[in-house]
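Architecture and fold: a report
The residues making up each chain are set out below.
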Amino acid sequence: MAQITISRRGLLLGAGVLATGSPCQGTAAPFGHSFDLRRLKVYQLRERRASYHAVQPFPAPLNNGDETRFPNYLAAFSKTLPHNDLGEPDKASYEAFLKAVESGRLEDFEMVPSGGPAKLVNPLAASAFEMEGADPQQFFCPPPAAFDSAGFAGEMAELYWQSLTRDIAFSDYASSNLIREAAEELSELSGFPGSRIAGKITPDTIFRGPMMGDSTGPYISQFLWKDIPYGTTPLAQIYRTAESGVDYLTVFGEWLNLQRGIPPSAPMRFAPARRYIMTGRDLAAYVWLDFSFQAFLNAALVLNSFGGAAIEESNPYRTLKRQAAFATFGGPMILDLVARAANAALRSIWYQKWAIHRRIRPEAAAGRLHNLKTGKAAYPLHKDLTESQAVDMTFRNNGTFLLPQVYSEGSPVHPSFAAGHAGIAGACVTMLKAFFQGSVEVPNPVLPILDGSALLPYSGPPLTIGGELDKLASNVSIGRHWAGIHYWSDGVESMKIGEQVAIGILGDLIDSFPEEFGGFRFTRFDGTRVSITGR
C-alpha cells in the first residue's frame, strides 16, 4: 500500500494538495463556497488571532524571593535531590538543578544529582507552547507568602488543622468541638485569609473556598454526588477512600527518605467499603489518582442530562425547532473543550512551578518546623505557626511536629506553587460556565446518608449550576490541601490562572462558528460578568 503524507506547509495552509503534487479531486464545495475562498478564510482567521496574540503583553515574572533569601535553599522545593540529615538540600545539587532550569535543556535535567530513584515530573513542560488561546507564559501570578511571613504561617497552620480534622464528616462541623477550636485559632491569625463571615472563620466557612457558591449548602458539590449518566449506565459516585485515622510521614526517618526521592516503605491503605465523599480524607483520596479532568468530564455529563433549560441563553440552538447542536455548541464540543482546557492549563501551571516560584512543599516546610521545635536547627518561622495549637496537638498525637499526610508518598515531585489540580479546575469549570446557565437551580439535589452508602433528597437554600460549579472547582483544589500537599494560595491563585486559560481558548474559537452567535457570557470566580465576542 502506498503511503501518503502531507507536508507541514500544506497542512497549515489547507492547500488540499497531497505530497504527490496532485490536487484533490471532487465536486464544488458545499454551502456555496469555493475551495479557494475557504482556504483564504481559514488563513485570515488564523492570521487575525495570531496578530492579536502577537501584541499582548507578557508580564515580568515575580517570585517571593525565598530561594535566594535563605541559606542553602532551605525554603525552596528540593524533593529527590540529595539532602543532609536535617532534610536540607545539598547546595551543589540544587545549583545543578537551577542550571537546568535556566538552560531548559533535557540533558541538563538528566545531570541533576539525585538522592533516590524518584523522578522530577516534567520540568520541560514549563517551556511548551500552546497553539490555541494565550501563550502559557502570558499570565501573571502574584507570588505566594514568604517562608518567614505571617501569611505562610497561617497557611501552614490551616494544613495542620486539616490534618487533625480530616476524618470529621462535613455534616458534623456545627457540633464538633475540634472544628470550633480550629475556626477560633485561624480567625486570630492575621496573615491567613480563609473564608470569613464578619471577619471571622466559623464552622460554616472553615476550609471552604472563597467563591460565592462555596458558602451555600453542603460542603461538597452536587457534581461529586449526583449519578453520572455514562452512556446507558448511570454511575453512582461511590468511591474507594483512604482508611480513617491512618496518616503518613509522621516519622522523621521516613520523611527524610521521601525528601531524598526514596519510595515509601508501604502503600496507602484503603477503607474496606466504598462510599460517597463525606470527609476531608475522602476528598483527598478522590484527587489522588483521578485523571486530570475527571471531575469536570463527569460534571459535563451530569449537566447535559439537565435538558434545554440549563443551556446558556446565548447558545444559538437553544430556541431552534429544526436544528440541534452537536459538533458545534453541543455535547461533543463541550466535552472536547473540557479536556483541551485541562492540558492547556497544566502548561501554564508548570511554567509557574518550575520557571518562577519553585515553592517548598508543605511536607518539607513541616520538616523545618520540626527541626526548629526540637532544637536541631534555627529557622525564621513566624510565631503564628510555631505557637499554633494544631502543631502542639500534632506532636502529642505523633511524637513529631511533621505534617501528617494522606498519601504514603507525600507530595508529587514538582513544586507547590502553582497547583495543577486547581489550575485544571479553573479552566474546566470556566468552559462549563460558558455553555450552561449559572442561575438555573440544580434539579433534584441530594445528600449522602450518615454512613455515606446512599443518597437522600437535599432540602435547604437553592443550589445553582454556577454556584455548584464554583464549589466543584474548590472541592477539587482543596482536596489536595486536605491531603497535606498544597497551601491555600496555591489553590486560589491557580484557579484564576486556569480561568484565564479557558477565556483565551474561547476567544480564539469565537469567530470559527458559522452560526449567528452573540458570544460566551458567564460569571467569573470573582463575581464579575465576562462577555467574549468576536467579529
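Let's shift gears to helix 16 (residues 465–483). The periodicity of an α-helix, 3.6 residues per turn, causes residues three or four places apart in sequence to face the same way. Between its first and last C-alpha atoms helix 16 spans 27 Å; for 19 residues at 1.5 Å apiece the expected length is 27 Å, and the two agree. The largest bend in helix 16 is about 25 degrees, located at Ser 477. Across the 19 residues that make up helix 16, a large majority, 19, are buried. With its phi angle positive at about 95 degrees, Gly 484 sits one or two positions after the end of helix 16.

With respect to the helices, strands and loops of the structure, Asp 508 is situated in helix 17 (residues 488–509). For Asp 508, a relative accessible area of 14% corresponds to the buried category. Side-chain polar atoms of Asp 508 contact the backbone nitrogen of Gly 133, separated by 2.7 Å. Beyond its immediate stretch of four places on either side in the chain, Asp 508 contacts Arg 49, His 53, Glu 132 and Gly 133.

Now for the packing of aromatic side chains. Within the structure shown, the criterion is met by 26 aromatic pairs. Consider the rings of Phe 97 and Trp 354, whose centres lie 5.9 Å apart with planes at 70 degrees: the pair is edge-to-face. Here Phe 97 is found in helix 4 (residues 91–103), whereas its partner Trp 354 is found in helix 11 (residues 331–357), with 257 residues between them in sequence. Through pairs of rings, three or more aromatic residues link up here, namely Tyr 317, Phe 329, Phe 435, Phe 513, Phe 517 and Phe 520. Over the ring of Trp 350 we find Lys 353, and its NZ or CZ is 5.1 Å from the ring centre. Here the guanidinium or amino end of Arg 359 rests over the ring plane of Tyr 487, the centre of that ring lying 4.0 Å away.

Taken as a whole and judged by the stated rule, the model has 28 salt bridges. Close ionic contact of Arg 281 with Asp 247 constitutes a salt bridge, the shortest N to O distance being 3.1 Å. Of this pair, Arg 281 sits in helix 9 (residues 280–286) while Asp 247 is found in the loop between strand 2 (233–235) and helix 8 (252–259), placing the two residues 34 residues apart along the sequence. What makes Arg 281 buried here is its relative accessible area of 1%. For Asp 247, a relative accessible area of 26% gives the class partly exposed. Note that Asp 392 and Lys 373 form a salt bridge whose closest N and O atoms lie 3.6 Å from each other. Of this pair, Asp 392 sits in helix 14 (residues 389–398) while Lys 373 sits in helix 12 (residues 362–373), placing them 19 residues apart in sequence. Three or more residues are tied together by salt bridges with common partners; here these are Arg 166, Asp 167, Asp 247 and Arg 281.

Counting 150 residues, the largest nonpolar core has Phe 296 and Phe 520 as its most contacted members. The dominant element in this core, judged by the number of residues it contributes, is helix 11, at 13 residues.

The next subject is unusual backbone geometry. A negative phi angle characterises most non-glycine residues, just as the trans form characterises most peptide bonds. The amide bond that connects Phe 417 to the next residue, Ala 418, takes the cis arrangement and shows omega of 5 degrees. Tracing the backbone shows Ala 418 in the loop between helix 14 and helix 15 (420–435). One non-glycine residue, Asn 122, lies in the positive phi region at around 55 degrees. Examined against the element boundaries, Asn 122 turns out to sit in the loop between helix 5 (106–110) and helix 6 (150–165).

Reading the values: the criteria
Residues numbered from 1 in each chain as written. Predicted model: local features only at pLDDT ≥ 70, side-chain atom pairs only at ≥ 80, totals over all residues. Heavy atoms only, no water. Helix = DSSP H or I, 4+ residues; strand = E, 2+ residues; numbered from the N terminus. Expected span 1.5 Å × (residues − 1). Bend = angle between axes of the 7 residues up to and from the residue. Buried < 20%, exposed > 50% of the residue type's maximum accessible area, 1.4 Å probe, protein only. Polar contact = N/O pair within 3.5 Å; in protein donor to acceptor, adjacent residues only side chain to side chain. Contact = heavy atoms within 4.5 Å. Phe/Tyr/Trp six-rings, centres within 6.5 Å; stacked < 30°, edge-to-face > 60°. Lys NZ or Arg CZ within 6 Å of the ring centre and 35° of its normal. Salt bridge = Lys/Arg side-chain N within 4 Å of Asp/Glu carboxyl O. Core = buried A, V, L, I, M, F, W, Y, C linked by side-chain atoms within 4.5 Å.

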